[in-house]
Amino acid sequence: SVHDYCHEVKAKAAKAGIRVEVDRGVDRLPKQVRNAEKGKVPIMAIVGVKEMETGELAIRRKGMGDVGSFTVDDFITNML
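Conventions and cut-offs
- Residues numbered from 1 in each chain as written.
- Predicted model: local features only at pLDDT ≥ 70, side-chain atom pairs only at ≥ 80, totals over all residues.
- Heavy atoms only, no water.
- Pairing = 2+ DSSP bridges.
- Helix = DSSP H or I, 4+ residues; strand = E, 2+ residues; numbered from the N terminus.
- Axes fitted to C-alpha atoms, helices over the stretch in contact; angles between N-to-C directions.
- Contact = heavy atoms within 4.5 Å.

Undergrad: Mind showing me how you'd approach the pairing of strand β2 (residues 56-61) here?
TA: Within a regular strand, side chains alternate between the sheet's two faces. Sheet topology note: the strand β1 (residues 43-46)/β2 ladder contains four bridges and is antiparallel. Each residue of the ladder has a partner; that of A45, found in β2, is I59. Pairing between β2 and strand β3 (residues 65-71): six bridges, direction antiparallel. Paired with I59 across the two strands is G68, which belongs to β3. Following β2, the chain reverses through three residues before pairing antiparallel with β3; G63 in that reversal takes a positive phi of roughly 85°.

Undergrad: Sorry if this is basic, but what is going on with the sheet that holds β1 here?
TA: Picture the strands of a sheet paired through backbone hydrogen bonds; they go either parallel or antiparallel. Overall, antiparallel pairing links the three strands, which are arranged β1-β2-β3 in an open sheet. Single-partner strands in this sheet number two, and they are β1 and β3. Ignoring which end each strand starts from, the neighbouring axes of this sheet average 30° apart. The sheet strands contacting helix α2 (residues 29-38) are β1 and β2, and the helix crosses β1 at an angle near 165°.

What follows is the structure in structure tokens.
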């Protein structure tokens, strides 16, 4: 499931020293993104079925919006 995939990504990121929170929330995606931006979350990875199937993450940066899709390993490497 997507939720399981998110926790796999979280575990990989934690091993690299990156703090990750999985927000399964009950709100619709646009509201979750808005709430994260208001909460000053610097980087968000949007994950759905498509991302799970391709092994990628759709990345958004605070103040920049959508910056593209990256494989999990590429994203972790570029974060360090």
